[in-house]
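# Per-entry structural report
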Amino acid sequence: MTLPTPTLRTDRLRLRPFAEADGDDLYAMHSDTFVMRYWDAPPWAGPERVERFLAGCRQMAEEGTGARLAVERDGAFLGWCSLTQWNPAYRSASLGYCYNEKAWGHGYATEAARAVLTWAFDTLDLNRVQAEADTRNIASARVLEKLGFQREGTLREDCVVNGDVSDSWVYGLLRREWPA
């Protein structure tokens, strides 16, 4: 079952399927050690990683397991927001996002995630969306909490990246809690 990747709009943002032209921006963001310091994988070491990412986006759409959307403002790439692990039988999925440093602190992550969640609950008829955040990433935790997510627990020492062990918070948002 395919899951067509939508194009979504907010007051300031356009969320759209990825294009090959996004490669340089993707590589710049995912190879930045500061941006990726709380990520569950090391920064990208080479530009060949871009094609694997884009192929993963296409595969996710073809298999019907999710959608990853490029986020832009006035044509400028800011990052991405995704809905993955879509399970229509359980009416559940996982939310994820990543933004370049210039996009931080402007409310873009919250605004884009709100658009994806509206699509998830209204179009895909989800009952639950889950998200995870590294416990050191207070800004990401604030984004999730602003959206109405509830912290449900801690995954202790669930990530080891370049020898750095970290914990993750697990968040959940139920349809009945969604304020849309």
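Quick note: structure is the one above.
Overview of the structure. (Residues numbered from 1 in each chain as written. Predicted model: local features only at pLDDT ≥ 70, side-chain atom pairs only at ≥ 80, totals over all residues. Heavy atoms only, no water.)

### Regarding the packing of aromatic side chains
Scanning all chains against the criterion turns up eight aromatic pairs. Note on Phe 18 and Phe 53: the rings are 5.3 Å apart at their centroids and 85° apart in plane angle, and the pair reads as edge-to-face. Note that Phe 18 is positioned in the loop between strand 2 (14-17) and helix 1 (23-30) and Phe 53 in helix 2 (residues 48-63), a separation of 35 residues in sequence. The burial state of Phe 18 is the same as that of Phe 53; both residues are buried. Here a set of aromatic residues connected by ring pairs shows up, and it is made of Phe 18, Trp 39, Trp 44, Phe 53, Phe 77 and Trp 80. The residue whose ring lies beneath Arg 37 is Phe 34, and the NZ or CZ to ring-centre distance is 3.9 Å. Looking at Arg 151, its charged tip hangs above the ring of Trp 169, at a distance of 3.7 Å from the centre. (Phe/Tyr/Trp six-rings, centres within 6.5 Å; stacked < 30°, edge-to-face > 60°. Helix = DSSP H or I, 4+ residues; strand = E, 2+ residues; numbered from the N terminus. Buried < 20%, exposed > 50% of the residue type's maximum accessible area, 1.4 Å probe, protein only. Lys NZ or Arg CZ within 6 Å of the ring centre and 35° of its normal.)

### Section: helix 1
When helix 1 is considered as a whole, its buried residues turn out to be Gly 23, Leu 26, Met 29 and His 30. Around the axis of helix 1, the buried residues are gathered within 135° of arc, so they sit on the same side. Against helix 2, strand 4 (76-87) and strand 5 (92-99) lie the buried residues of helix 1. (Arc of directions from axis to C-beta. Contact = heavy atoms within 4.5 Å.)

### Let's talk about the pattern of salt bridges
Under the definition given, this model contains 13 salt bridges. The closest approach of N and O atoms between Arg 136 and Asp 164, which form a salt bridge, is 3.0 Å. Of this pair, Arg 136 sits in the loop between strand 6 (128-134) and helix 4 (138-146) while Asp 164 is found in strand 8 (residues 164-174), placing the two residues 28 residues apart along the sequence. By relative accessible area, which is 34% here, Arg 136 ends up partly exposed. One salt bridge in this structure joins Arg 151 and Glu 145, with 3.4 Å as the shortest N-O distance. (Salt bridge = Lys/Arg side-chain N within 4 Å of Asp/Glu carboxyl O.)

### What to know about the pairing of strand 6
Here strand 5 pairs with strand 6 via three bridges, running parallel. Bridge pairing in strand 6 links Ala 93 to Val 129. Read from strand 5 through helix 3 (residues 108-122) to strand 6, the crossover connection turns out right-handed. Here seven bridges tie strand 6 to strand 8, and the two strands are oriented antiparallel to one another. Note on strand 8: the bridge partner recorded for Asp 134 is Ser 168. (Pairing = 2+ DSSP bridges. Right-handed = clockwise from strand over helix to strand, strands pointing away.)

Spatial relationships are all this shows, so hold off on functional conclusions.
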